[in-house]
Amino acid sequence: MKTFLIVSDSHGKRAAVAKIAPLMAENDYLIHLGDGAADFIGARREYPEKTYVVKGNCDAAIGEEECVIEAEGLSIFCCHGHKYGVKSGLSRLVARTKELGCEIALYGHTHRAAVEVQEGVLCINPGSAGSYTEPSYCYLVIHNKKPTATIVGLN
């Protein structure tokens, strides 16, 4: 079993990230999906072996463009989502996920939490940890190749 703490779109709202900081030690993976990548500097410093950060359209130099994580026999594509037009639909994101041979896509950008399956791909948006919408993050558990995603409010 592997556990993931997934955050996106914190946009400098470090107080929101501080609320989940106590959970970081107990998770196997810590992921920030962009737009506030600098808010995860502390996590990268403290847990470099399990922290992944991708760049959003509002991030300058911190983070990778996108990445793939292998866990519990599944491949997970991580990106911010802006390059795949996620505000207009998930078809391009799903196509890229399949092209990379992944079963799960993690994305942000829309500030709206969502967990849905499209064309066999589990698409997860943790929502925004910032104050644009109802602040949230995602807790993902993968056990025996079965992913279970839970959106958790940050209030």
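Fair warning: this is a prediction, and the values are worked out from it, not measured in the lab.

## Details of the nonpolar core
Right, on to step 1. The biggest cluster of nonpolar side chains holds 19 residues, and the ones touching the most others in it are Phe 4, Ile 6, Ile 31, Ile 76, Cys 78, Ile 104 and Leu 106.
Right, on to step 2. For Cys 78, the contacting residues outside a window of four places in its chain are Ile 31, Leu 33, Val 54, Glu 66, Cys 67, Ile 69 and Leu 106.
Right, on to step 3. In this structure, Ala 16, Val 17, Leu 30 and Ala 37 belong to the second largest nonpolar core, which totals 15 residues.

## Thoughts on unusual backbone geometry
Right, on to step 1. In the Ramachandran plot, His 11 falls in the positive-phi region, its phi being about 45° despite a non-glycine side chain.
Right, on to step 2. Along the chain, His 11 turns up in the loop between β1 (2-7) and α1 (14-24).
Right, on to step 3. Positive phi values are uncommon outside glycine, yet Lys 145 reaches one of about 65°.
Right, on to step 4. Counting through the fold element by element, Lys 145 comes out in the loop between β9 (136-143) and β10 (146-153).

## Some words on the pattern of salt bridges
Right, on to step 1. One pass over the structure, following the stated rule, counts 6 salt bridges.
Right, on to step 2. Of the charged contacts in the structure, one is a salt bridge between Glu 65 and Lys 83, with a shortest N-O distance of 2.5 Å. Here the residue Glu 65 occupies a position in the loop between β3 (51-53) and β4 (67-71), and Lys 83 occupies one in the loop between β5 (74-78) and α3 (91-99), the gap between them amounting to 18 residues.
Right, on to step 3. The closest approach of N and O atoms between Arg 96 and Glu 99, which form a salt bridge, is 2.7 Å. Taken together, the residues Arg 96 and Glu 99, both in helix α3 and 3 residues apart, mark about one turn of the helix.
Right, on to step 4. When salt bridges that share partners are traced, they join Lys 55, Glu 65 and Lys 83 into one network.

## Overview of the environment of Tyr 137
Right, on to step 1. Tracing the sequence through the fold places Tyr 137 in strand β9.
Right, on to step 2. Overall, Tyr 137 belongs to the buried group, its relative accessible area being 9%.
Right, on to step 3. Separated by 68 residues in sequence, Tyr 137 and Ile 69 have C-alpha atoms that sit 18 Å apart.
Right, on to step 4. For Tyr 137, the contacting residues outside a window of four places in its chain are Leu 5, Ile 6, Val 7, Ile 20, Leu 23, Pro 126, Thr 150, Ile 151, Val 152 and Leu 154.

## As for the sheet that holds β3
Right, on to step 1. On the basis of which strands lie adjacent, the open sheet formed by 5 strands has the order β3-β2-β1-β9-β10 and mixed pairing. The outermost strands of the open sheet, each flanked by one partner alone, are β3 and β10. In this sheet, neighbouring strand axes are inclined to one another by 20° on average, regardless of whether the strands run parallel or antiparallel.
Right, on to step 2. Two strands pair when backbone bridges link them, and β9 and β10 are joined in this way by 8 bridges, in the antiparallel orientation. Looking across to β10, one finds that His 143 is bridged to Lys 146.
Right, on to step 3. Against the sheet, α1 touches β1, β2 (29-32) and β9, its axis set at about 170° to β1.

How each quantity is defined
- Residues numbered from 1 in each chain as written.
- Predicted model: local features only at pLDDT ≥ 70, side-chain atom pairs only at ≥ 80, totals over all residues.
- Heavy atoms only, no water.
- Core = buried A, V, L, I, M, F, W, Y, C linked by side-chain atoms within 4.5 Å.
- Buried < 20%, exposed > 50% of the residue type's maximum accessible area, 1.4 Å probe, protein only.
- Contact = heavy atoms within 4.5 Å.
- Helix = DSSP H or I, 4+ residues; strand = E, 2+ residues; numbered from the N terminus.
- Salt bridge = Lys/Arg side-chain N within 4 Å of Asp/Glu carboxyl O.
- Pairing = 2+ DSSP bridges.
- Axes fitted to C-alpha atoms, helices over the stretch in contact; angles between N-to-C directions.

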